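# Close look at the chain arrangement
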Amino acid sequence: MSETALPFPSTEMDPQALAEATVQAMYPRDNASQALGMKILEIAPGRARMSMLVRSDMLNGHATCHGGFIFALADSTFAFACNSRNLNTVASGCSIEYVAPALRNDMLIAEAQERSLAGRTGVYDITVSNQDGKTIALFRGKSYRIRGEVISGLQAAQ
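First, a word on scope: everything that follows refers to the structure included in this document. (Residues numbered from 1 in each chain as written. Predicted model: local features only at pLDDT ≥ 70, side-chain atom pairs only at ≥ 80, totals over all residues. Heavy atoms only, no water.)

## Things to note about helix α1 (residues 15-26)
This is how the line gets drawn: Helix and strand definitions follow DSSP, with helices as H or I runs of at least four residues and strands as E runs of at least two, each counted in order from the N terminus. In a helix, the anticipated span is given by 1.5 Å times the number of residues less one. Only protein chains enter the area calculation, which uses a 1.4 Å probe; residues under 20% of their type maximum are buried, those over 50% are exposed, and those in between are partly exposed. Residues count as neighbours in contact if any of their non-hydrogen atoms are within 4.5 Å of one another.
Between its first and last C-alpha, α1 extends 16 Å over 12 residues, near the 16 Å set by a 1.5 Å rise per residue. Among the residues making up α1, those that are buried are Leu-18, Ala-19, Ala-21, Thr-22, Val-23, Ala-25 and Met-26. The secondary structure elements touched by the buried residues of α1 are β1 (39-44) and α3 (67-82).

## Points about the pairing of strand β5 (residues 121-129)
To keep it simple, the criterion reads: Strands are labelled as partners when DSSP assigns at least two bridges between them.
Pairing analysis gives 9 bridges linking strand β4 (residues 107-118) to β5, with the strands arranged antiparallel. Across the sheet, Ser-116 pairs through a bridge with Val-123, a residue of β5. Hairpin connection of β4 to β5: 2 residues between the antiparallel strands, including Gly-119 at a positive phi of 60 degrees. Where β5 meets strand β6 (residues 135-145), 9 bridges bridge the pair, whose relative direction is antiparallel. Counted as the bridge partner of Asp-125 is Arg-140 from β6. Between β5 and β6, which follow one another and run antiparallel, lie 5 residues, and Gly-133 among them has a positive phi close to 85 degrees.

## Some details on the nonpolar core
Keep this limit in mind: We define a nonpolar core as any set of buried Ala, Val, Leu, Ile, Met, Phe, Trp, Tyr and Cys residues linked to one another through side-chain atoms lying within 4.5 Å.
The biggest cluster of nonpolar side chains holds 38 residues, and the ones touching the most others in it are Ile-70, Leu-73, Leu-108, Ile-126 and Val-128. Every element with two or more residues in this core is listed here: α1, β2 (47-53), α3, β4, β5 and β6. In terms of residue count, the dominant contributor to this core is α3 (7 residues). With sequence-adjacent residues up to four places away left out, Val-128 is seen in contact with Ile-70, Leu-73, Ala-74, Leu-108, Ile-109, Ala-110, Lys-134, Thr-135, Ile-136 and Ala-137.

Given below as structure tokens:
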């Protein structure tokens, strides 16, 4: 969707509508998430939920999902959550704890929740679970707001 085709005014906007518009602008440009088959299930200010099917080409030598793919799902979910207010935001640090293996054909669900937002920095917790609700990984991301907006010209939600 081009910036000129946005179906809302560039003045104050409901925070939920802004989060939805931001994800609609970011996801088409996110080639990495798309290539891994990630889908956005939910978005809200400071929150995101995404899914990814574990494919056979994502398995490591132990026939479990390579940790890098699990990290990528958590990181993408983190990115959508911390950019949901239309302020360009990047990761300043991340850590992950793998607590159970993910297997071929598991549907992984990552849920991001903002824990702190102060000035230019934020802290987000992301839980990655499988289709049965079993926790696979716990990820913590620290964000840093940089200049600019995801969608230029729209007022950010404070």
